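Overview (structure and organization)
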Amino acid sequence: MHEKFCAQGIGERLTTNSERRTANNEMIKSPRGTRDLLPPDTAFWNFVEATVREVFRAYNFHEIRTPIFESTELFARGVGEETDIVSKEMFTWFDRGEGPEAVLGKAWAAQHARKYERIEADVRIGRLEVDFVAYLNNQPTLVELKFRADAGVLLRLQELQDEWQQRWGVRPNLAVALPIPEVNLMQELAPGGIEIQRLALPEDYDLPQSLTLRPENTAGIVRAYIEHKLWERGLNKFFSIGPMFRRERPQKGRYRQFYQIDAEVIGPASSGSQSPARDAEILELLATLLDRVGITNWTLELNSVGCPADRAKFNEALRQALAPVVDKMCADCQRRAVTNPLRVFDCKVPEDQPIIDTLPTISQFLDEACRTHYEEVKNILNAVQVPYVENPRLVRGLDYYTRTAFEFTHGGLGAQNAILGGGRYDGLSEALGGPPAPGIGFAIGEDRLVLSLTASAESVIRKPDVYIAPLGAGMNREAARVARELRRHDLVVDLGDESFRLKKSFEAADKMGARYILIVGENEVKVDAFALKHLASGEQVTVPRAQLAQRILQK
Ligand code: HAM
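Residues numbered from 1 in each chain as written. Predicted model: local features only at pLDDT ≥ 70, side-chain atom pairs only at ≥ 80, totals over all residues. Heavy atoms only, no water.

Some details on the sheet that holds strand S13 (residues 389-390)
Sheet architecture is open: eight strands sit in the order S1-S10-S11-S16-S15-S14-S12-S13, paired in mixed fashion. With partners counted over all chains shown, the strands left at the sheet margins are strand S1 (62-63) and S13, one partner each. Across two bridges, the pairing between S1 and strand S10 (residues 236-245) is parallel. Pairing of Glu 63 across the sheet is with Phe 239, part of S10. Taken strand by strand, helix H8 (residues 218-227) contacts S10 and strand S11 (257-266), and its axis lies near 40° from that of S11. (Pairing = 2+ DSSP bridges. Helix = DSSP H or I, 4+ residues; strand = E, 2+ residues; numbered from the N terminus. Contact = heavy atoms within 4.5 Å. Axes fitted to C-alpha atoms, helices over the stretch in contact; angles between N-to-C directions.)

Okay, structure coming up:
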């Protein structure tokens, strides 16, 4: 018999780990997979973002900022239900607190639990779980809660019933509990022998909206394109920089909050959005961008994943190739082989790789138009001398890709070596309810880009030009006046405090790498000229206030 009995536990208050830590005054750390970016490293990030903005300007890209959370459905429909991102990695919640499971569970406990002698909640039977097992005279009833009538629940329940009978020799009764408006429909779907239990939910209860922290930004940008009818502007060239969220196992170069520099070119076909020239421009932009930020030794891996018709043929060929071997593969691949065979290429399980290596490649299935498109992209890349290697197994981990797909990898990154990825997504707008709008884009993993920079933070950080040392009581206000004047000349100025001894000011100036130290004492203020010392050479001069900025700017 099952040990777990928690029907009364619905709504029961549990103490969470974080509550226990608070009670003990324990230190609070950033959540797993997130990190603080601190100076001087933030100088790198600023350097990268400033350089990238300059490059985007040269290619006539403009910034777009979309929300950090969107409807869950956007990613389910855009990125694809079967992808790792959507099926395993999203941070999703119901708006307004209580999700439907909790509401249905409470309603069931209030309206139906009383008629049973004993109830177990969330009971696992083999691979499946059932919401409640309720006993009356030792006869179990398996109860599933549903918000909407659907036939899938009946299949699940029948599977559970068989499993239960095999294990315990008793055939349990079956019941589906659902809100009153759905009851009639469910009765039509359900065969005899399945009890339909009615739940009266609070009248004002609407299914709350499911929201998700964006795991990527292409779907959000295409949503914005559709929502604001941006096809009226012709070809749109967007870029965006910001955080993304995926619940992945953290390791070097892989975080749960990470940053992407994203670019998308999208518009009606009449704007040239479908041309291979756009693909090549994007790839050439990326080569320029990586060179400009100082990343060498990158490899551009290129492939064409064809169009939906090619994909259908390819998926069929994959199904056939997988049929005799799939039972030797991992559980995920077994599921993918049925639902979306292309996703088998995302498998990371080492034992599956020899099998994956024998599978057909998409290049064998490209139609004439896709083949010509791909050839033209390569021709332009050759003409502008952007090197690439073809990787016929590159299919990318998101479902929306068509034709050109690419990744830039970098040797110095270890296991997470993809510095960026992207491709064409000619059908995405339609999948999200918009008009045809061919598009292509990429996202750079900014964390990984920064990791592959070889320069030191010191080389991109701007150190203070001058450190002002107020010397003695009443000198803070004089130092503030001088600092204000100097900062107007675009000098980087930092300040000490009148309570510091001169030695302490020198130490502080040294530590922050200032070029000069400027002494502001009573005598200096009286004669309106200040002692300015060059810290590296030790050379000291007295400079009248009016000439200070000029003098500091000189060297
Ligand atoms: P993606 O390949 O999923 O593509 O992500 C792009 C890049 O984001 C990766 O190459 C990697 O550098 C970085 N990245 C992904 N996950 C993580 C993580 N957990 N930690 C650190 N960095 C990570 C996309 O997101 C597509 N939206 C790209 C695109 C734009 N395709 C067309 N337009």
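A closer look at the confidence of the model for the chain
The predicted model of the chain averages 92 in pLDDT, with 95% of residues at 70 or higher. Across residues 1-14 the pLDDT falls below 50, and counting only partners more than four positions away or on other chains, this stretch makes 24 contacts in the model. (pLDDT = per-residue confidence, 0-100.)

Concerning the packing of aromatic side chains
Applying the stated criterion across every chain yields a total of 16 aromatic pairs. Three or more aromatic residues joined by ring pairs make a cluster, and in this case those are Phe 56, Phe 61, Phe 239 and Phe 442. Over the ring of Tyr 374 we find Lys 378, and its NZ or CZ is 4.1 Å from the ring centre. (Phe/Tyr/Trp six-rings, centres within 6.5 Å; stacked < 30°, edge-to-face > 60°. Lys NZ or Arg CZ within 6 Å of the ring centre and 35° of its normal.)

Considering the side chain of Arg 396
As for its placement among the helices and strands, Arg 396 is situated in the loop between S13 and strand S14 (402-410). Overall, Arg 396 belongs to the buried group, its relative accessible area being 12%. Within the local environment of Arg 396, its side chain forms a polar contact with the side chain of Tyr 401, the two groups lying 2.9 Å apart. The residues contacting Arg 396, other than those within four sequence positions of it, are Arg 343, Asp 346, Tyr 401, Ala 405, Phe 406, Glu 407, Gly 421 and Gly 422. (Buried < 20%, exposed > 50% of the residue type's maximum accessible area, 1.4 Å probe, protein only. Polar contact = N/O pair within 3.5 Å; in protein donor to acceptor, adjacent residues only side chain to side chain.)

So, the packing of helix H2 (residues 41-58) against helix H9 (residues 276-293)
For the pair H2 and H9, the least separation of the axes is 10 Å and the interaxial angle reads 145°. When the axes of H2 and H9 are compared, the crossing they make is right-handed. Across the interface between the two elements, Phe 47, Val 48, Thr 51, Val 52, Glu 54, Val 55 and Phe 56 of H2 pack against Leu 285, Leu 289, Arg 292 and Val 293 of H9. When the residues that make up the contact of H2 with H9 are grouped by side-chain class, the tally is eight nonpolar, one polar and two charged. (Left-handed = near helix turned anticlockwise from the far one by under 90°. Nonpolar A, V, L, I, M, F, W, Y, C, P; charged D, E, K, R; others polar.)

Structural notes on the side chain of Ser 452
Within the secondary structure, Ser 452 is located in the loop between helix H15 (446-451) and helix H16 (457-460). At a separation of 2.6 Å, a polar atom in the side chain of Ser 452 contacts the main-chain carbonyl oxygen of Arg 448. Beyond its immediate sequence surroundings of up to four residues, Ser 452 is in contact with Ile 295, His 410, Leu 413 and Ile 419.

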